[in-house]
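# Results of the structural survey
So you can see what is in the structure, the chains are spelled out below.
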Protein chains: 2
Amino acid sequence: MDGKLYAIGVGPGASDLITVRGARIIGELDVLYAPAGKKGAPSLAHTIVQEYVSAKTEVRTYHFLMQASADDKAAVWDEVAQALKDEVKNGRKVGFITLGDAMLFSTWVSLLERIGRQPWLEIVPGVTSFAAIAARGVMPLAMETQTMAVISCTVSEDELEQTLRSHDCVVLMKVYGRLEQVRALLHRLNLLEHALMMADATLPTEQCWRDLSQSDSELKLPYFSTILVNKHWNTSR
Amino acid sequence: MDGKLYAIGVGPGASDLITVRGARIIGELDVLYAPAGKKGAPSLAHTIVQEYVSAKTEVRTYHFLMQASADDKAAVWDEVAQALKDEVKNGRKVGFITLGDAMLFSTWVSLLERIGRQPWLEIVPGVTSFAAIAARGVMPLAMETQTMAVISCTVSEDELEQTLRSHDCVVLMKVYGRLEQVRALLHRLNLLEHALMMADATLPTEQCWRDLSQSDSELKLPYFSTILVNKHWNTSR
């Protein structure tokens, strides 16, 4: 049995921010599984790697509906995990791609829970979105003995506040729909001048907000919006 | 003035875990600045990118002595920052490489503090060491609404404990010299079976410890040793 499964983090968005290894492996695949958020919508992960995909590679787009019930999601994971294992059993080289890094806030982990550690599995790490935001926004993350936390704005305000108080540097993910609450919290903690917001980092649609002190009710925040906070760095710098 | 400065994260260790963009830019440089920890020692970052460096590129290795006094370090940062700015002023394409990602626990940030945001500066993100460890150890980091913290074991035991209690997933960096204390703490918090230690991930010298419950006084821990803790994952899995 020569089948092999590769889980590949394709990076934050720009095609050339995938790793050299990821790009090479994608070019050698028999089958590529690409996740998409909505039915009918193109897979962003697939768009990113398109230039590396060989004409002989079969591409399958799977839809992981973010709004679906836990049971419906589990059924899709079960199905895709089984499909991937079957490909390997049939001796094929199969790839599963995922935005950012493969192991951090990644759909791939739900499949890994079902597949487990296997000699025929290789995970290829990728550049995380917050590393790309830090680079594009020219705002460093933690250094030396400083600490960093990564947290979704979907948690309770208490937990957000505790995390902002405890760490030098905080990555606030999933700001979408919660900007005003988060802005108010940052204001209360005197952190607005240490915060930067970015959407779609490294994509042509990239947007950066260096001054979060002004409320903007007209602001149409894209889905992939993240705020970086670094107490040792001033955003106006 | 056509000079440009690129700060490039070269990834965790394997040459092909640099980004496609990083590898391409390195091949086009007039000058490459590579940091090394010890005088006379080769630069690991330089070794990683060697295959991408063109014969026409000048390579300069700078020594950032980790044991040096704050003043001595600052003098080296000042000197290198000035040298990089001079290269740009002279119209050259200059690169500064750094292990892992350029903006996270990176020597580059000390230079960025001196250089500031500039139209001639581009920062190229890289794969962080903990993403590589998660991939190689087949141990996921945080997902969905879970939170992750990254912390150096050089902080106080109280802060380590607080961080381990507050987050689903914790990356413990700089374990070197502190393994027994960290092991005891993980034992006390019932986290040993959720912890994995790795050194030199993705390098030929990579080592992985999946069972930290046994003390091993003979253990010669390499300098780049990191422990991942994920409360929702069992290491023996």
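Please read these numbers as outputs of a predicted model, since none were measured by experiment. Residue numbering note: each chain is counted from 1, following its sequence as written. In the order they appear in the text, chains get letters beginning with A and ligands get numbers beginning with 1. With the structure being a predicted model, the display of local features is reserved for residues of pLDDT at least 70 and the display and counting of side-chain atom pairs for 80 or more, all residues being used for whole-chain, interface and lining totals. Excluded from the side-chain calculations are hydrogens and water; all other atoms, namely the structure's heavy atoms, are used.

## A short note on the sheet that holds strand β3 (residues 58–63) of chain A
All names here are of chain A. Pairing between strands is defined by DSSP: at least two bridges between the two strands are required. Per the convention used, a helix needs a DSSP run of H or I reaching at least four residues, while a strand needs a run of E reaching at least two, with both numbered from the N terminus. Taken in spatial order, the five strands make up an open sheet running β3-β2-β4-β1-β5, and their pairing is parallel. Each end of this open sheet is capped by a strand with a single partner; those strands are β3 and β5 (121–124). Looking at each pair of strands side by side, their axes are set apart by 20° on average, direction ignored. Inspection of the sheet shows strand β1 (residues 4–9) paired to β5 by four bridges, in the parallel sense. Within the sheet, the bridge partner assigned to I8 lies in β5 and is V124. The contact definition used throughout considers only heavy atoms, calling two residues in contact when any of these lie within 4.5 Å. To get an axis, fit a line to the C-alpha atoms, keeping to the stretch in contact for a helix; angles then go from 0 to 180 degrees between the N-to-C directions. Strands β1, β4 (93–98) and β5 of the sheet are contacted by helix α1 (residues 20–27), whose axis makes an angle of about 135° with β5.

## Points about the packing of helix α3 (residues 70–89) of chain B against helix α4 (residues 108–115) of chain B
Residue and element names in this part refer to chain B. In contact at an axis separation of 9 Å, α3 and α4 are set at 65° when each is read in the N-to-C sense. Of the possible angle classes, the one that applies to α3 and α4 is roughly perpendicular. Where α3 crosses over α4, the handedness of that crossing is right-handed. Of the residues in α4, those in contact with A74, W77, D78, V80, A81, L84 and K85 of α3 are W108, S110, L111, R114 and I115. Residue polarity follows a fixed list, in which Ala, Val, Leu, Ile, Met, Phe, Trp, Tyr, Cys and Pro are nonpolar, Asp, Glu, Lys and Arg are charged, and the others, Gly among them, are polar. Residue composition of the contact of α3 with α4, grouped by class: eight nonpolar, one polar and three charged. Small angles under 35 degrees read as roughly parallel and large ones over 145 as roughly antiparallel, with 65 to 115 read as roughly perpendicular and the rest as oblique. Throughout, a crossing is termed right-handed when the near helix is turned clockwise from the far one, and left-handed when it is turned anticlockwise from it by less than a right angle.

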